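# Understanding the architecture of this molecule
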Amino acid sequence: MGLLIASTLLDYVYGFWVASPNPKKAKTFLWLSVLNNLGILAIFKYYNFFALQLQQGFETLGIQTHPVILSIVLPIGISFYTFHGMSYVFDIYRGQQKPVKNFIDYAVFVSFFPLLVAGPIERANHLLPQVQRSRFFNYNQAVEGCRLILWGFFKKIVIADNLSQLVDPVFQNYKEHSGLSLIITAISFSIQIYCDFSGYSDIAIGVAKLFGFELIVNFKFPYFSRSIPEFWKRWHISLSSWFRDYLYFPLGGSRVNLAITIRNTFIIFLVSGFWHGANWTFIAWGLIHALFFIPSLLIKNKNKTETNSDLFLGNSITPNWKEFFQIVFTFFIVTIAWIFFRSNTILDAFKFIELCLSNLTKITHLKTNIHYAILLKAIIGVIVMFYYEMIYFKPKRKLSITKMIILLLMVIFMGSFRNSVQFIYFQF
Amino acid sequence: MIIKFIKKIFVILSIVFIILNIVGFFLDIHVRNSSIFKVNIIFNKELAKNIILGSSRALTGVNTELLSNATKRKWFNLAMDDTRNETHLLFLELLNDLNKTPDNLVVQYDQENLIKDTTTFFDNDYQILPFINSNKIVSNYFRPKKNYYLFKFCPIYKYIYFNTELLFPSIILFFKPNYNHRFDIRFGDYNYPKDFILQKDENKIKRKTIVLKNKVLTEFYKISHSRKINLIIYTAPIYKTNVKLDTSLNNYVNLSSLFKSMSKFGDVIHINGRSKNEFTDSLVNSLSPILR
């Protein structure tokens, strides 16, 4: 809490300094603000990781070191509120936002409770004006909020939490399972993390609507992406667009030569991986995405066709064969990357993938009727999710009260209440 | 507008809550009147005069038909997987309350009962929940206190909290009224799959000795003494483990070190189907002189 207050106060003050008409002074304070925010992250999130890496590095050279290891719990939401603060200072520096005089308004922007712990990462120029203006209760907006909250709970409790009961034990003891079980588990984790994270985002956006706020849409059916670049226009949009606007574009983006564009892409994905946590597995996850992003950069350079991620598979509700295979291939790459994301070490991830190719005839992780019942609940949940997201998230189609009650009953009777698990992104 | 919104939410949730609890009330009756769980058998059936209580090690380790034939007595295996002696004691209390106490009671007893926190749920305790608001004994002796009042006064809550374990089987009951959850209706046994064979590296399993001490056992002796039940305690085989008691007990049968070979086990604490009859023979030999 103290850290949140300190971080909020500092960025609030930096906001005024960065707004200075003297460009040199503004730039100096901008860098100080960046150092300040990254410093907080470096100490509380990454210090122990680097200390241990250095220790291991020295050990390989035969030098024994005893670094000081901080016994601190990672402050909840640190990655999210520091990015809120940075977004505010950046926007002021670019002239897109004026410093906010009322500290309470600014503090609400940084620590607005629905998005404090797991986003979406809001932009100052999007959320702050909403904080500053008067809001009135809007019945339709509140109903829409309830619908999103319910939908978020469905994805989290019915799909993600049920799947976690099947996924977690396998990742803990992956060497004891058949290849077929490992493949099923990897696919299950892809679905689990989507439902877990997008479920939280839906709940956060829904709660914000109850208070009259409109937040950034964070997911747009990412597993229907036909390529990795399209995936990143649909997955954790608030983070990817944050990196795009505040890191990728300042580095030159794709308006420079191909070599620098590729370098910029790698930087973005490395930073994105590292943002998730201080572990090589996250960096490997980012690298895989970067590697599969590059071919599209090469092709895109020749053929500048843009994918419209606002639409679900163009104007059609079902993909054509080409799109279908593109979707399957993209999902395959994303799933491979998730194996790295979920594994304890990179070696575990490689071993996991290697074992996926052995014993493809036997399922070893579904041992009891309870496991099958859990799987059945998750499968029903996934079918409902596809149906719901494909049909009812189309513009101007709303769920009726009857369908909302059916959804509520499904949450009640199919949710994993006994074995509920924390949101995955709370740890970041 | 805001009042209209809150009113609508409140009305919808209230209606859903009331309807769900009416459904829960009837589900309780539906489940109680079935033979789905062992606890239903205690309430609804006439039981044999010789009963086995225990966890999965008694449920899957004893061939009760063979035991019945060898001892010339009708036995029923009331053991349940993923339970502890506290649950078994509750069963004895129920039998006592219903005047269904047996002549001979064999209780399987081992370290599984010592390592779990008794204030929380054990995996299969939910099976008692449909009886919680209809039976005084279950109410009084129900061990896990977490969510106790919700389970007792909100009938649907148990079917929500344990939807996989309780709701799904109760739905199956509509289609298969004689459905039993993991036991044979005649003797109460259950068999694990045929390929249930211990496959760990033998050297990775260390030889050890466990000293048992469990105050629950005193309660078993108290009830047994007052109802003149011939109580026999036994410990089932555990791979590479020797079980000792901290105090001496009457009618105690220690078969913990009966099998040395890995091939007799499904995992470290369960014997497999192949050695079930061999174990039952040994149990018969130990029980025969002390049975009433």
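Model, not experiment: these values are computed from the prediction.

The next point concerns the overall build of chain B. Tallying secondary structure elements over chain B gives twelve helices and nine strands in all. Principal-axis analysis of the C-alpha atoms gives chain B an extent of 75 × 45 × 40 Å. Taken across its 292 residues, chain B has 37% of its residues classed as buried. Considering only intrachain contacts with a sequence separation of at least 6, the fraction spanning at least 24 residues in chain B is 74%.

Along chain A, the regular secondary structure elements total 16 helices and zero strands. Relative to a compact globule of 428 residues, whose C-alpha radius of gyration would be 22 Å, chain A shows 23 Å and is just as compact. Summarising its shape, the C-alpha atoms of chain A cover approximately 70 × 70 × 50 Å along the three principal directions. Taken across its 428 residues, chain A has 38% of its residues classed as buried. Contacts in chain A between residues at least 24 apart in sequence constitute 76% of all its contacts with a sequence separation of at least 6.

For the rest of this paragraph, the subject is the sheet that holds strand β1 (residues 50-53) of chain B. Residues and elements named next belong to chain B. Pairing in this open sheet of five strands is parallel, and the strands run β2-β1-β3-β5-β7 from one edge to the other. Where the open sheet ends on each side, the last strands, each with one partner, are β2 (75-77) and β7 (252-254). Averaged over all pairs of adjacent strands, the angle between strand axes in this sheet comes to 20 degrees, irrespective of strand direction. Note: β1 against β2, three bridges, orientation parallel.

Turning to the environment of Leu173(B), a few remarks are in order. Residues and elements named next belong to chain B. Within the element layout of this structure, Leu173 appears in helix α10 (residues 163-175). For the pair formed by Leu173 and Ile18, sequence separation is 155 residues and the distance between their alpha carbons is 24 Å. Among all residues touching Leu173, those that are not within four sequence positions of it are His30, Val31, Ser34, Ile36 and Tyr179.

Often, the extent of an interface is quoted as the loss of accessible area on bringing the components together. Residues and elements named next belong to chain A. Splitting chain A by domain gives domain 1 (2-132) and domain 2 (141-226 + 307-427). For domain 1 versus domain 2, the separation of C-alpha centres amounts to 30 Å. The set of elements that each furnish at least two residues to the side of domain 1 that touches domain 2 consists of α5 (113-116) and α6 (124-132). Partitioning the side of domain 1 that touches domain 2 into residue classes produces six nonpolar, three polar and one charged.

Our next topic: helix α10 (residues 237-248) of chain A. Taking 1.5 Å as the rise per residue, α10(A) with twelve residues should run 16 Å; its terminal C-alpha atoms sit only 14 Å apart, a clear shortfall. Next to the buried residues of α10(A) lie α3 (78-93), α9 (228-234) and α11 (258-276) of chain A.

A separate point is the interface of chain B and chain A. Counting residues at the interface gives 14 residues for chain B, matched by 13 residues for chain A. For the side of chain B that touches chain A, a count of residues per class yields ten nonpolar, two polar and two charged.

Turning next to the nonpolar core. In terms of nonpolar packing, the biggest core is built from 91 residues, with Val89(A), Ile159(A), Ala204(A), Trp338(A) and Phe340(A) touching the most fellow members. A total of 16 residues in this core trace back to one element, the largest contributor, which is helix α7 (residues 139-172) of chain A. When residues of this core are assigned to domains, at least three map to each of domain 1 (2-132) and domain 2 (141-226 + 307-427) of chain A. Apart from the residues within four sequence positions on either side, Trp338(A) is in contact with Ala186(A), Phe189(A), Ser190(A) and Ile193(A). Leu212(B), Ile232(B), Ile238(B) and Val253(B) belong to the second-largest nonpolar core, a separate cluster that totals 61 residues.

All names here are of chain A. Between its terminal C-alpha atoms helix α1 (residues 2-18) stretches 24 Å, which fits the 24 Å expected from 17 residues at 1.5 Å a residue. All of the buried residues along α1 are Ser7, Thr8, Asp11, Tyr12, Tyr14, Gly15 and Val18. Projected onto a plane normal to the axis of α1, the buried residues spread over an arc of 165 degrees and lie on a single side. Residues of α1 that are exposed and angled more than 90 degrees away from the buried face: Gly2, Ile5 and Ala6. Contacts made by the buried residues of α1 are with α2 (23-60), α3 and α4 (103-111).

Here we take up the confidence of the model for chain A. On average, residues of chain A score 84 in pLDDT, and 93% of them are at 70 or above. Looking at the elements of chain A, mean pLDDT is at its lowest for α2(A), recorded as 82, and at its highest for helix α8 (residues 179-210) of chain A, recorded as 93.

A few words now on the packing of α1(A) against α3(A). Packed helix pairs are specified by the crossing angle of their axes together with the interaxial distance, meaning the distance between the axes. Residue and element names in this part refer to chain A. It is at 9 Å that the axes of α1 and α3 come closest, and there the two elements cross at 5 degrees. Relative to α3, the element α1 lies roughly parallel. From α1, Leu4, Ser7, Thr8, Asp11, Tyr14, Gly15 and Val18 reach across to α3, where they touch Tyr81, Thr82, Gly85, Tyr88, Val89, Ile92 and Tyr93. Here the residues of the contact of α1 with α3 are counted per class, giving eight nonpolar, five polar and one charged.

Residue and element names in this part refer to chain A. At a closest axis distance of 8 Å, the pairing of helix α13 (residues 321-342) and helix α14 (residues 346-356) adopts a crossing angle of 140 degrees. Compared by their axis directions, α13 and α14 come out oblique. As for the relative orientation of α13 and α14, their crossing is right-handed in sense. Facing α13, whose interface residues are Ile336, Ile339 and Phe340, α14 presents Ile346, Ala349, Phe352 and Ile353.

Residue and element names in this part refer to chain B. Non-glycine residue Asn99 carries a positive phi angle of around 55 degrees. Structurally, the position occupied by Asn99 is in the loop between α5 (85-97) and β3 (104-108). A positive phi angle, near 55 degrees, is found at Lys228, a position not held by glycine. Its 9 C-beta neighbours within 10 Å are what place Lys228 among the exposed residues.

Put simply, chain B has an average pLDDT of 85, and 91% of its residues get 70 or more. Scored as a whole, the predicted complex attains pTM 0.84, and scored at its interfaces, ipTM 0.77.

Residue and element names in this part refer to chain B. Counting buried positions along β3 yields five of five residues, so the element is predominantly enclosed. Residues of β3 alternate between two faces, with Asn104, Val106 and Gln108 on one and Leu105 and Val107 on the opposite face, all of them buried. Pairing of β3 with strand β5 (residues 230-235), which is carried by five bridges, proceeds in the parallel orientation. Bridge pairing in β5 links Leu105 to Leu231.

What follows is about the environment of Leu20(B). Residues and elements named next belong to chain B. Along the chain, Leu20 falls in helix α1 (residues 2-32). Taking the C-beta count within 10 Å as the criterion, Leu20 has 20 such neighbours and is therefore assigned buried. Considered as a pair, Leu20 and Pro177 are 157 residues apart in the sequence and their alpha carbons are 22 Å apart.

What counts and how
- Residues numbered from 1 in each chain as written.
- Chains lettered and ligands numbered in written order.
- Predicted model: local features only at pLDDT ≥ 70, side-chain atom pairs only at ≥ 80, totals over all residues.
- Helix = DSSP H or I, 4+ residues; strand = E, 2+ residues; numbered from the N terminus.
- Buried ≥ 20, exposed ≤ 12 C-beta atoms within 10 Å, placed from the backbone.
- Contact = placed C-beta atoms within 7 Å.
- Rg over C-alpha atoms; globule rule 2.2 N^0.38 Å.
- Pairing = 2+ DSSP bridges.
- Axes fitted to C-alpha atoms, helices over the stretch in contact; angles between N-to-C directions.
- Domains from an automatic or database assignment.
- Nonpolar A, V, L, I, M, F, W, Y, C, P; charged D, E, K, R; others polar.
- Expected span 1.5 Å × (residues − 1).
- Core = buried A, V, L, I, M, F, W, Y, C linked by C-beta atoms within 7 Å.
- Arc of directions from axis to C-beta.
- pLDDT = per-residue confidence, 0-100.
- Parallel < 35°, antiparallel > 145°, perpendicular 65-115°, else oblique.
- Left-handed = near helix turned anticlockwise from the far one by under 90°.

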